[in-house]
Amino acid sequence: DAGVTQSPTHLIKTRGQQVTLRCSPKSGHDTVSWYQQALGQGPQFIFQYYEEEERQRGNFPDRFSGHQFPNYSSELNVNALLLGDSALYLCASSLIPGGETQYFGPGTRLLVL
Amino acid sequence: AQKITQTQPGMFVQEKEAVTLDCTYDTSDPSYGLFWYKQPSSGEMIFLIYQGSYDQQNATEGRYSLNFQKARKSANLVISASQLGDSAMYFCAIYFGNEKLTFGTGTRLTIIP
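Now for a look at the structure at hand. Quick caveat: nothing in here was measured; it's all calculated off a predicted structure.

## Some points on the pattern of salt bridges
All names here are of chain A. Counted under the stated rule, the structure contains five salt bridges over all chains. Of the charged contacts in the structure, one is a salt bridge between Arg-63 and Asp-85, with a shortest N-O distance of 2.9 Å. Of this pair, Arg-63 sits in the loop between strand E6 (53–57) and strand E7 (64–68) while Asp-85 is found in the loop between strand E8 (74–78) and strand E9 (87–94), placing the two residues 22 residues apart along the sequence.

## Details of the sheet that holds E8 of chain A
All names here are of chain A. Spatially, four strands are ordered E1-E3-E8-E7 in an open sheet, and the strand pairing comes out antiparallel. If you trace the sheet from one side to the other, it starts and ends with strand E1 (5–7) and E7, each paired once. Ignoring which end each strand starts from, the neighbouring axes of this sheet average 20 degrees apart. Inspection of the sheet shows E7 paired to E8 by five bridges, in the antiparallel sense. Note that in E8 the partner of Gly-66 across the bridge is Leu-76.

## Section: the nonpolar core
The biggest cluster of nonpolar side chains holds 26 residues, and the ones touching the most others in it are Tyr-25, Trp-36, Ile-49, Leu-77, Tyr-90 and Leu-109 of chain B. Those elements that place two or more of their residues in this core are strand E2 (10–14), strand E3 (19–21), strand E5 (33–39), strand E6 (46–52), strand E8 (64–69), strand E9 (74–79), strand E10 (88–95) and strand E12 (107–112) of chain B. Of all the elements, E10 of chain B adds the most residues to this core, at four residues. Formed by 19 residues, the second largest nonpolar core is a distinct cluster that contains Trp-34, Phe-47, Leu-110 and Val-112 of chain A.

## Here's the deal with the packing of aromatic side chains
All names here are of chain B. Taken as a whole and assessed by the stated rule, the structure comprises 15 aromatic pairs over all chains. Between Tyr-37 and Phe-47 the ring centres are 6.0 Å apart and the planes differ by 65 degrees, which places this aromatic pair in the edge-to-face class. Highlighted residues: Tyr-37 in strand E5 and Phe-47 in strand E6, separated in sequence by 10 residues. A relative accessible area of 0% places Tyr-37 in the buried class. With centroids separated by 6.3 Å and ring planes inclined at 85 degrees, the aromatic side chains of Phe-91 and Phe-103 adopt a geometry described as edge-to-face.

## What about the interface of chain A and chain B?
In this assembly, 23 residues from chain A lie in contact with 19 residues from chain B. Counting each side, the surface lost to burial between chain A and chain B is near 1600 Å², with a carbon and sulfur contribution of 50%. Of all residues in chain A, Gln-56, Glu-100 and Phe-104 of chain A give up the largest surface area on contact with chain B, accounting jointly for 28% of the area buried on that side. Where chain A packs against chain B, one counts four residue pairs in polar contact (both at pLDDT 80 or more). For the side of chain A that touches chain B, the residue count by class is nine nonpolar, 11 polar and three charged.

## Things to note about the state of the cysteines
Under the defined criterion, the tally for this structure stands at two disulfides over all chains. Linked covalently through their sulfurs, Cys-23 of chain A and Cys-91 of chain A form a disulfide whose S-S length is 1.8 Å. Disulfide Cys-23 of chain A-Cys-91 of chain A: the torsion about the S-S bond is -55 degrees, which places it as left-handed. Placement of the pair is Cys-23 of chain A in strand E3 (residues 19–24) and Cys-91 of chain A in strand E9, with a sequence separation of 68 residues. The burial state of Cys-23 of chain A is the same as that of Cys-91 of chain A; both residues are buried. Covalent S-S linkage joins Cys-23 of chain B and Cys-92 of chain B, the inter-sulfur distance amounting to 2.0 Å. Handedness here is read from the sign of the S-S torsion; for Cys-23 of chain B and Cys-92 of chain B, about -60 degrees, the answer is left-handed. In this pair, Cys-23 of chain B is assigned in the loop between E3 and strand E4 (24–26) and Cys-92 of chain B in strand E10, connecting sequence segments 69 residues apart. Residue class for Cys-92 of chain B comes out buried when judged on its relative accessible area of 0%.

Conventions used here
- Residue numbering note: each chain is counted from 1, following its sequence as written.
- Working convention: letters from A go to chains and numbers from 1 go to ligands, in the order in which they are written.
- Owing to the predicted nature of the model, reporting of local features is limited to residues with pLDDT of at least 70; listing and counting of side-chain atom pairs is limited to 80 or more, with chain, interface and lining totals taken over all residues.
- Computation of side-chain values: all heavy atoms of the structure, hydrogens and water removed.
- By definition, a salt bridge exists where a carboxyl oxygen of Asp or Glu is found within 4 Å of a side-chain nitrogen of Lys or Arg.
- Strands here mean DSSP runs of E at least two residues long; helices mean DSSP runs of H or I at least four residues long; both are numbered from the N terminus.
- Note on pairing: two strands pair once DSSP finds at least 2 bridges between them.
- To define axes, lines are fitted to C-alpha atoms, for helices over the stretch in contact only, and angles between the resulting N-to-C directions are given on a 0 to 180 degree scale.
- Within this scheme, the nonpolar core is defined by two criteria: the residues are buried Ala, Val, Leu, Ile, Met, Phe, Trp, Tyr or Cys, and they are joined through side-chain atoms within 4.5 Å.
- Each residue is placed in one exposure class: buried if its accessible area under a 1.4 Å probe, protein chains only, is under 20% of its type's maximum, exposed if it is over 50%, and partly exposed if it falls in between.
- Pairs were defined over the aromatic rings of Phe, Tyr and Trp, the Trp ring being its six-membered one, requiring ring centres within 6.5 Å. Orientation was assigned from the angle between planes: stacked under 30 degrees, edge-to-face over 60, tilted for the rest.
- Should any heavy atoms of two residues lie within 4.5 Å, those residues are considered in contact.
- The term buried area refers to how much accessible surface (probe radius 1.4 Å) is lost by two components on association, counted for both of them together.
- Distance and chemistry together define a polar contact, namely a pair of N or O atoms within 3.5 Å, with one atom able to donate a hydrogen and the other to accept it when in protein, and with adjacent residues in sequence counting only for side-chain atoms on both sides.
- For this scheme, ten residues count as nonpolar: Ala, Val, Leu, Ile, Met, Phe, Trp, Tyr, Cys and Pro. Four count as charged, namely Asp, Glu, Lys and Arg, and the remainder, Gly too, count as polar.
- By convention in this document, the label disulfide applies to cysteine sulfur atom pairs within 2.5 Å.

In structure tokens:
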């Protein structure tokens, strides 16, 4: 049973650039949520995708956007990168949006220089 | 506003001893789910245990148990017979029915041989 996978594992970008992170959900799951975890803090909710639509969104600017594909995989895009965007980006999947347990991937570590 | 509090930034525990990690929350929503996740240095958020707000009995999963005191709004994680591999960050999280997880600030647990 394949778990949640994310790519790439690490990424280094410079300010102003754009980045795309990818996530494949756990087998059988159709809902994907994205979280940002800054160093020394708990994860913060960015947004959630179900049926290829953004269902809800946390307190993040429009520079953060996403997409979900028909196979339930998802992308997180961040435009005009800032130094403060440096963080671990975690993807979590669940079975339907109301599914209680979210299972997380290994994360993508983004460093913005 | 709904809030999660983990008051122990760090804990040191002797191997084979039991350890209790504290978590309190504040919500007026009668329906919610409580989670504990373990995050090793690799970064992946590992699901440990879940408790629903209407569950009558405390949840248990192997060496993990959740001491749920609804009236006091606390959901402490108890790890019995601690092992060196238990050294990690531990996060309490709550799902308030709006389909996103809200995390606490975490507790860094170090098991001493």
